[in-house]
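Geometric and topological summary
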Amino acid sequence: MSKHRHEPEFTSYYGRPVLKEPTWEPADIAGYLFTGGLAGASSILAAGAQFTGRPALARSLKLGALGAITASAAALIHDLGKPSRFYNMLRVAKPSSPMSMGSWLLAGYGPLAGASALSDLTGVLPAAGRTASVGAGVLGAGVASYTSVLIADTAVPAWHAARHHLPFVFVGSAATAAAGLGLLTAPTGETGPVRRAAVAGAAVELAASNAMEHGTGLAGETFHDGTAGRLLRAAKACTAAGAVGAAVLGGRSRLAAAVSGLALLAGSALTRFGIFEAGRASTKDPKYTVVPQRERLAEKDSAARCDSLVAGLARGAGDQ
Amino acid sequence: MPRMGFFTDTSVCIGCKACEVACKEWNAIPSDGALDLTGESFDNTSELGANSWRHVAFIEKSVPSQDASAPDGVRWLMASDVCKHCTHAACLDVCPTGALFRTEFDTVVVQQDVCNGCGYCVSACPYGVIDQRKDDGRVFKCTMCYDRIGVGQEPACAKACPTKSIQFGELDDLRARAQERVDALHEQGLADARLYGDSPDDGVGGTGAFFLLMDEPETYGLPPDPVVCSRDLPQMWRQAAIAAGTLLAGLAATFLGRRGQRGE
């Protein structure tokens, strides 16, 4: 497909990129996009399971959320150039920095997810544990969605162009991951809601991904090409297969539920790594920076010419 | 305190790289390792980065001769690039620790004792200026010689420039001077001369370091119409809030189904 594509003409400085490639390691940051989403949506489902008499599902999701958010924190600190200064993240609260807002969100969410899981596991302070679960569920929605703003609020062409779609791709992907965890770990008798979550999450993720890949102009190419394209095609296959498996067989066979759950988890992780790679690819080739900006300038220019023509005509009409 | 800035007039740059050397020396910037010969004209610095706060670009462009029997000519452009010290600086907006700040001169500087190397500014900069020093972990870029200008000196690069291609001063004065210069070049018939970053109406609100270029910005590796990413931030937060609400409501709704359905 890419062979037949018309290559836009543009000038560059010895073919060098205009932008710097993100300094972020895929394993840390794409990994965090996955585990953050998994944790956040798991907390929402855990709260629902807790109040509808599904104790095994609630417990596995609470433990999963705690494990995922612990892995997230480790990945985020590991990715810093100066990990010993991670606490500087809480030095200021800056609404203009999604990373600052995210740090405070995690500072609130992490302890709640921890309290919820530990109370469930030990039976200590059950009422406080249930309250913490509700808090973790509410903040969990923020944890699952804010990461889209984190990467969209950059000069990275693919990520910034996808800013309208990314939040929905990410919450859909978070829902399928958490549903996958539920299907993998809970007894079949309690998994009705997570099977529905798997289908709904997959539908949102696939629809939003499709809109993203076709609604982002030239940078949208990076969602189809190379490593990112392969990861995202594999993601869609896993997510779709997992959702169908969950819906059709997930209620009958424990094995089918577990396999579907694994497919959903894999699909969510592949989505995050694919989007991460697309962003990287879009910084490496200067055409994704230069060509859309040139087109924008040409539009502004023709609009300005149109305006001056109209103004000129109006002046002419006024003179007569 | 008036806003201070750089006006880099590339029409008089002779590619001597005195700015690169003076910057490295004054700011004690480490080497990037052994000299790497790129084969890209006289440019072996290649780009701005954590260890290159001034970068002189060399562009050799073949100009077809009017006379078929004569050989084609070469037009040689040289330009010293630097951090733009944007009015709306994405690096500063996204920095989660407050390490990046705006000085009393309206320049943008990293506090090296605060930076924790998260790298967010690197992905936010629409010019690809700021970068991480890999062996150190923190990010570095031009400070417009904050230490020198604080005591009334001009930045090292401007001081070293032998042709006044790099001019330092109050931004308003520099803008007026640049306009006179570009008008003069147009009168000489150099229609390609244009200012870059001088307009407060552009996507970054104008830059504290602006340029007179002799060709399109992308020829020099500069983005033709950069926009600060955080301009769209309110809209992005709104979209993320809607998505979070959808997730919360959608997952809650999955528990509304009657118990005892198939498999339960």
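Residues numbered from 1 in each chain as written. Chains lettered and ligands numbered in written order. Predicted model: local features only at pLDDT ≥ 70, side-chain atom pairs only at ≥ 80, totals over all residues. Heavy atoms only, no water.

Here's the deal with the overall build of chain A
Note the threshold: Where helices and strands are cited, they refer to DSSP runs of H or I of at least four residues and of E of at least two residues respectively, numbered from the N terminus. Throughout this description, buried means an accessible area under 20% of the type-specific maximum (1.4 Å probe, protein chains only), exposed means over 50%, and partly exposed covers the range between. Here a residue-residue contact requires only that any non-hydrogen atoms of the pair lie within 4.5 Å. Here the Shrake-Rupley method, with its probe set to 1.4 Å, supplies the accessible areas, and only the displayed protein chains count as covering residues. By the counting rule applied here, Lys and Arg register as positive and Asp and Glu as negative, while His and the ends of each chain are not counted. Charge positions are represented by NZ for Lys, CZ for Arg, CG for Asp and CD for Glu.
Scanning chain A for helices and strands turns up 10 helices and 0 strands. Across chain A, helices and strands are ordered from the amino to the carboxyl terminus as α-α-α-α-α-α-α-α-α-α. Along the longest, intermediate and shortest principal axes, the C-alpha atoms of chain A span 85 × 50 × 45 Å. Across the 320 residues in chain A, those meeting the buried criterion constitute 55%. Pairs at least 24 apart in sequence give 78% of the contacts found in chain A among residues at least 6 apart. Total accessible area on chain A is roughly 12700 Å²; 66% of this is exposed by carbon and sulfur atoms. The average position of the 29 basic charges and that of the 20 acidic charges among the side chains of chain A differ by 8 Å.

Some thoughts on the interface of chain B and chain A
What counts is decided by this rule: Buried surface area refers to the total accessible area, computed with a probe of radius 1.4 Å, that the two partners give up upon joining, counted for both partners together. Definition used for salt bridges: Asp or Glu carboxyl oxygen within 4 Å of a side-chain nitrogen of Lys or Arg. Under this definition, polar contacts are N or O atom pairs within 3.5 Å; protein pairs additionally need one hydrogen-donor-capable and one acceptor-capable atom, and for neighbouring residues in sequence, both atoms have to be side-chain atoms. Under the scheme applied here, ten amino acids are nonpolar (Ala, Val, Leu, Ile, Met, Phe, Trp, Tyr, Cys and Pro), four are charged (Asp, Glu, Lys and Arg), and all others, including Gly, are polar.
Of the residues lining the interface, 81 residues belong to chain B; the matching set on chain A comes to 80 residues. Approximately 6400 Å² of surface area, both sides summed, lies buried where chain B meets chain A, with 56% of it carried by carbon and sulfur atoms. When the shortest N-O distance is used, the salt bridge between B:Glu218 and A:Arg294 registers 2.6 Å. At the boundary of chain B and chain A, one finds 33 residue pairs in polar contact (both at pLDDT 80 or more). Counting only elements with at least two residues in the side of chain B that touches chain A, the list comes to strand E2 (54-63), helix H2 (90-94), helix H3 (120-124), strand E6 (131-132) and helix H7 (233-253) of chain B. Among the elements that make up the side of chain B that touches chain A, the one with the highest residue count is H7(B) (13 residues). In terms of residue class, the side of chain B that touches chain A is built from 38 nonpolar, 26 polar and 17 charged.

Things to note about the packing of aromatic side chains
Operational definition: Only centres within 6.5 Å qualify two rings of Phe, Tyr or Trp (six-membered ring in Trp) as a pair; their planes then separate them into stacked at under 30 degrees, edge-to-face at over 60, and tilted for everything else. Over a ring means this: the NZ of a Lys or the CZ of an Arg is within 6 Å of the ring centre and within 35 degrees of the ring normal.
Counting across every chain of the model gives 13 aromatic pairs over all chains. For the ring pair A:Trp159 and A:Phe276, a centre distance of 5.6 Å and an interplane angle of 45° mean the geometry is tilted. Of the two residues, A:Trp159 sits in helix H5 (residues 157-161) while A:Phe276 sits in helix H9 (residues 254-284), which places them 117 residues apart along the sequence. Ring centres of B:Phe6 and B:Phe168 lie 6.2 Å apart, and the angle between their planes is 65°; on these two criteria the pair is classed as edge-to-face. Residue B:Phe6 is located in strand E1 (residues 4-9), and its partner B:Phe168 is located in strand E8 (residues 166-170); the two are separated by 162 residues in the primary sequence. Like B:Phe6, the residue B:Phe168 is buried in the burial classification. Here the aromatic cluster, defined as three or more aromatic residues joined through ring pairs, consists of A:Trp24, A:Trp159, A:Phe276 and B:Tyr120. The ring of B:Phe140 is capped by B:Arg133, whose NZ or CZ atom sits 3.6 Å from the centre of that ring.

Quick notes on helix H2 (residues 55-79) of chain A
Residues and elements named next belong to chain A. Selection criterion: Helix span, expected: 1.5 Å multiplied by one less than the number of residues in the helix.
For H2, which comprises 25 residues, the first-to-last C-alpha distance of 36 Å matches the rise-based estimate of 36 Å (1.5 Å per residue) to within 8%. Of the residues making up H2, those classed as buried are Leu57, Ala58, Ser60, Leu61, Lys62, Gly64, Ala65, Ala68, Ile69, Ser72, Ala75 and Asp79. Residues of H2 that are buried make contact with helix H1 (26-51), helix H3 (98-122), helix H4 (126-152), helix H6 (166-185) and helix H7 (192-214).

Re H3(A)
Compared with the 36 Å implied by 1.5 Å per residue over 25 residues, the 35 Å span of H3(A) between its first and last C-alpha is a close match. Directly after H3(A), the chain includes A:Gly123, whose backbone phi takes a positive value near 75°.

Observations concerning the environment of A:Ile275
All names here are of chain A. Relative to the assigned elements, isoleucine 275 resides in helix H9. Here isoleucine 275 falls in the buried class, since its relative accessible area comes to 1%. Sequence separation between isoleucine 275 and serine 173 is 102 residues; the distance between their C-alpha atoms is 12 Å. Look past the residues within four positions of isoleucine 275 in its chain and what remains in contact with it is Ile151, Trp159, Leu166, Val169, Phe170, Met212, Phe223 and Leu232.

So, the UniProt feature "transmembrane region" (unreviewed entry) in chain A
Residue and element names in this part refer to chain A. This is how the line gets drawn: UniProt positions are given in the numbering used here, feature names are shortened, and annotations may be inferred rather than shown by experiment.
Per the UniProt record, "transmembrane region" (unreviewed entry) is found at residues 29-51, 63-81, 101-119, 131-152 and 164-186. In this annotation, residues 131-152 is assigned 100% helix and 0% strand; the end-to-end C-alpha distance for the span is 33 Å. Between the first and last C-alpha atoms of residues 164-186 the distance is 35 Å; the span itself is 87% helix and 0% strand.

As for the side chain of A:Ser148
Relative to the assigned elements, A:Ser148 resides in helix H4. What makes A:Ser148 buried here is its relative accessible area of 1%. Beyond its immediate chain neighbours, meaning those up to four positions away, A:Ser148 contacts A:Leu166, A:Pro167, A:Phe170 and B:Ala240.

Here's the deal with the packing of H1(A) against H7(B)
The cut-off we apply is this: Axis geometry follows a simple rule: fit a line to the C-alpha atoms, using only the stretch in contact for helices, then measure angles between N-to-C directions, giving values from 0 to 180 degrees. Throughout this description, any angle smaller than 35 degrees is read as roughly parallel, any larger than 145 degrees as roughly antiparallel, any in the 65 to 115 degree range as roughly perpendicular, and the remainder as oblique. By definition, turning the near helix anticlockwise from the far helix through less than a right angle yields a left-handed crossing, and turning it clockwise yields a right-handed one.
At a closest axis distance of 9 Å, the pairing of H1(A) and H7(B) adopts a crossing angle of 40°. As summarised for this structure, H1(A) and H7(B) are arranged oblique, according to the angle between their axes. Read as a crossing pair, H1(A) and H7(B) show a hand that is right-handed. Listed contacts from H7(B) to A:Ala41, A:Ile44 and A:Leu45 of H1(A) are B:Leu247, B:Leu248 and B:Leu251. Residue composition of the contact of H1(A) with H7(B), grouped by class: 6 nonpolar, no polar and no charged.

Things to note about the pairing of E1(B)
All names here are of chain B. Here is the rule: For two strands to be treated as a pair, DSSP must find at least two bridges joining them.
Within E1, 6 of the 6 residues are buried, which leaves it mostly tucked inside the rest of the structure. Side-chain alternation along E1 places Met4, Phe6 and Thr8 on one buried face and Gly5, Phe7 and Asp9 on a second face that is also buried. Judged from the 5 bridges that link them, E1 and E8 form a sheet pairing that is antiparallel. Bridging across to E8, methionine 4 finds its partner in glutamate 170. Both E1 and strand E10 (residues 209-213) contribute to a ladder of 4 bridges, which runs parallel. In the strand pairing of E10, phenylalanine 7 is matched with phenylalanine 210.

Considering the pattern of salt bridges
For the coordinates displayed, the defined rule picks out 21 salt bridges over all chains. When the shortest N-O distance is used, the salt bridge between A:Glu221 and A:Lys287 registers 3.3 Å. With a gap of 66 residues between them, A:Glu221 in the loop between H7 and helix H8 (226-248) and A:Lys287 in helix H10 (residues 287-319) connect regions that are remote in the sequence. The network of salt bridges with shared partners includes A:Arg294, B:Arg194, B:Glu216 and B:Glu218.

Considerations on the sheet that holds strand E9 (residues 194-196) of chain B
All names here are of chain B. Read from one edge of the open sheet, 4 strands run E8-E1-E10-E9, paired in mixed fashion. Strands with a single pairing partner mark the edges of an open sheet, and in this sheet they are E8 and E9. Each strand axis lies, on average, 25° off the axis of its neighbour in the sheet, ignoring direction. Along the sheet, helix H6 (residues 171-187) contacts E1, E8, E9 and E10; its crossing angle with E8, the most-contacted strand, is approximately 135°.

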